[in-house]
Amino acid sequence: HATCVPEQAREAARKRLEEQGISVKAFAQKHDLHPSTVYAVLNGQKKCLRGEAHRAAVILGIKDGVITN
């Protein structure tokens, strides 16, 4: 699969959203991301190397990185 983010990290991010009672869609809207991108990151379908997937991974806390706007 495409991802360079470990399944453990993605699972932990899903759990954090669940614990906070936040849907993936609500998280995406709050951070000005496309829900489909956030789902793809959480499902390991994106490499999270650049652009919106990178931003989503960093905001979700599953990847170390810097976001420049």
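Since we're looking at a predicted model, the values are computed, not measured. (Residues numbered from 1 in each chain as written. Predicted model: local features only at pLDDT ≥ 70, side-chain atom pairs only at ≥ 80, totals over all residues. Heavy atoms only, no water.)

Caption draft 1: Here's a closer look at the nonpolar core. In this structure, Val-38, Val-41, Leu-42, Leu-60 and Ile-62 are the most contacted members of the largest nonpolar core, which totals 16 residues. Residue assignment for this core shows that the elements contributing at least two residues are α1 (7–19), α2 (24–30), α3 (35–42) and α4 (51–60). For this core, the element with the most residues is α4, which contributes 4 residues. Those residues in contact with Leu-42 that lie beyond four places of it in its chain are Arg-10, Ala-13, Arg-14, Leu-17, Val-24 and Leu-60. (Core = buried A, V, L, I, M, F, W, Y, C linked by side-chain atoms within 4.5 Å. Buried < 20%, exposed > 50% of the residue type's maximum accessible area, 1.4 Å probe, protein only. Helix = DSSP H or I, 4+ residues; strand = E, 2+ residues; numbered from the N terminus. Contact = heavy atoms within 4.5 Å.)

Caption draft 2: The arrangement of the environment of Asn-43 in detail. Structurally, Asn-43 is set in the loop between α3 and α4. On the basis of relative accessibility, which here comes to 45%, the residue Asn-43 falls in the partly exposed class. It is 8.9 Å that separates the C-alpha atoms of Asn-43 and Glu-11, two residues lying 32 residues apart in sequence. Dropping the residues within four chain positions of it, Asn-43 is found in contact with Arg-10 and Arg-14.

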